[in-house]
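Each chain is listed here by its residues.
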Amino acid sequence: MAKAIKFDKKILGKKNKNPLSWEESFMLHAMVAAGRSKDPSSQVGACIVGKNNRILSLGYNGAPNVWKDEEFPWDRDHEDAKLNKYPYVIHAEMNALLNYKGDNKDLEGATLYVTLFPCHECAKFFAQAGIKKIIYLSDKYYDTEDNTMSKTCLDYCGVEYKQLDLDFQKDYIVSLIPDKKEQIKKSI
């Protein structure tokens, strides 16, 4: 049996004093996922996190994966509703749920981090899947009928929802340059 190492107290406790919070980290993952969206007007990302702070799945809004992006109707204001993106696009939250390949019991009590408050269609699926908390970045449709229906569904189903804490709503600078001193920097 190996002998345990005794650490000198002078080398202990020299950790990063300002790490990202869990909420910051998971919302940044949702933002990175949003960057994969081909939608020219709305890039939305989602991150599903299990009870043990482990990422279960990511998703972003887009065309069904068998539909070529260059053949997808990305228009949002066409006079013929059938020629708009809305009847066909899959929302980021739904893609995250569909991308999850684990045991559904892991979704029980999970948290959804999403860059845009979910619509009523997505809300009911998350309630059914057992997700108990939604943390969102933007609620730009807060005064719409769809948003009211979404919140009604979540309230009745006992799903908590809240906007990302104001303390975390700031600019983050992320570098993909190796060995750069600060890989992630929060602006003050």
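Residues numbered from 1 in each chain as written. Predicted model: local features only at pLDDT ≥ 70, side-chain atom pairs only at ≥ 80, totals over all residues. Heavy atoms only, no water.

Student: Which residues make up the overall build of the chain, and what values go with them?
Tutor: Looking only at helices and strands, the chain has 4 helices and 7 strands in total. Reading the chain from its N end, one meets helices and strands in the order α-β-β-α-β-α-β-α-β-β-β. With respect to the principal axes defined by its C-alpha atoms, the chain has extents near 70 × 40 × 35 Å. Taking all 188 residues of the chain together, 37% fall into the buried category. Sequence separation of 24 or more characterises 58% of the internal contacts of the chain that already satisfy a separation of 6 or more. On the chain, roughly 12700 Å² of surface is accessible, and the fraction owed to carbon and sulfur atoms is 55%. (Helix = DSSP H or I, 4+ residues; strand = E, 2+ residues; numbered from the N terminus. Buried < 20%, exposed > 50% of the residue type's maximum accessible area, 1.4 Å probe, protein only. Contact = heavy atoms within 4.5 Å. Areas by Shrake-Rupley, 256 points an atom, 1.4 Å probe, with all protein chains shown as cover.)

Student: Just give me the short version of the packing of helix H3 (residues 120–129) against helix H4 (residues 145–156), but keep the residues and values in it.
Tutor: H4 packs onto H3 with a crossing angle of 10° between their chain directions and a minimal axis gap of 8 Å. Between H3 and H4, the interaxial angle falls into the category roughly parallel. On H4, the residues touching His120, Ala123 and Lys124 of H3 are Asp146, Met149, Ser150, Cys153 and Leu154. Of the residues assigned to the contact of H3 with H4, the class counts are 4 nonpolar, 2 polar and 2 charged. (Axes fitted to C-alpha atoms, helices over the stretch in contact; angles between N-to-C directions. Parallel < 35°, antiparallel > 145°, perpendicular 65-115°, else oblique. Nonpolar A, V, L, I, M, F, W, Y, C, P; charged D, E, K, R; others polar.)

Student: How would you explain the side chain of Lys151 if you had to name every residue and give the values?
Tutor: Here Lys151 lies in helix H4. Separated by 2.9 Å, the side chains of Lys151 and Asp139 make a polar contact. (Polar contact = N/O pair within 3.5 Å; in protein donor to acceptor, adjacent residues only side chain to side chain.)

Student: Break down helix H1 (residues 22–34) for me, citing the residues and quoting the values.
Tutor: Over its 13 residues, H1 runs 18 Å from end to end, which matches the ideal 18 Å to within 8%, given 1.5 Å per residue. Among all positions of H1, only Glu23, Glu24, Ser25, Phe26, Met27, Leu28, Ala30, Ala33 and Ala34 are buried. (Expected span 1.5 Å × (residues − 1).)

Student: Got a sec to walk through the packing of aromatic side chains? Specific residues and values, please.
Tutor: On inspection of all chains with the given rule, the structure shows 7 aromatic pairs. Between Phe117 and Tyr161 the ring centres are 5.6 Å apart and the planes differ by 75°, which places this aromatic pair in the edge-to-face class. Of this pair, Phe117 sits in the loop between strand E3 (111–116) and H3 while Tyr161 sits in strand E5 (residues 160–163), placing them 44 residues apart in sequence. An aromatic cluster of at least three residues, connected via ring pairs, comprises Trp67, Phe72, Trp74 and Tyr88. A cation sits over an aromatic face here: Lys151 above Phe117, 5.0 Å from the ring centre. (Phe/Tyr/Trp six-rings, centres within 6.5 Å; stacked < 30°, edge-to-face > 60°. Lys NZ or Arg CZ within 6 Å of the ring centre and 35° of its normal.)

Student: Residue-level account of the pairing of E5, with values.
Tutor: With 4 bridges joining them, strand E4 (residues 133–138) and E5 adopt parallel strand pairing. The residue of E5 that forms the bridge with Lys133 is Glu160. In this fold, the crossover linking E4 to E5 by way of H4 has right-handed handedness. (Pairing = 2+ DSSP bridges. Right-handed = clockwise from strand over helix to strand, strands pointing away.)

Student: Talk me through the packing of helix H2 (residues 92–99) against H3; I want residue IDs and the actual numbers.
Tutor: Running from amino to carboxyl end, H2 crosses H3 at an angle of 30°, the nearest separation of the two axes being 9 Å. With respect to their mutual orientation, H2 and H3 come out roughly parallel. The element H2 and its partner H3 pack so that their crossing is left-handed. Along its contact with H2, which presents Glu93, Met94 and Leu97, the element H3 presents Cys122, Phe125, Phe126 and Ala129. Looking at side-chain class alone, the contact of H2 with H3 contains 6 nonpolar, no polar and 1 charged residues. (Left-handed = near helix turned anticlockwise from the far one by under 90°.)

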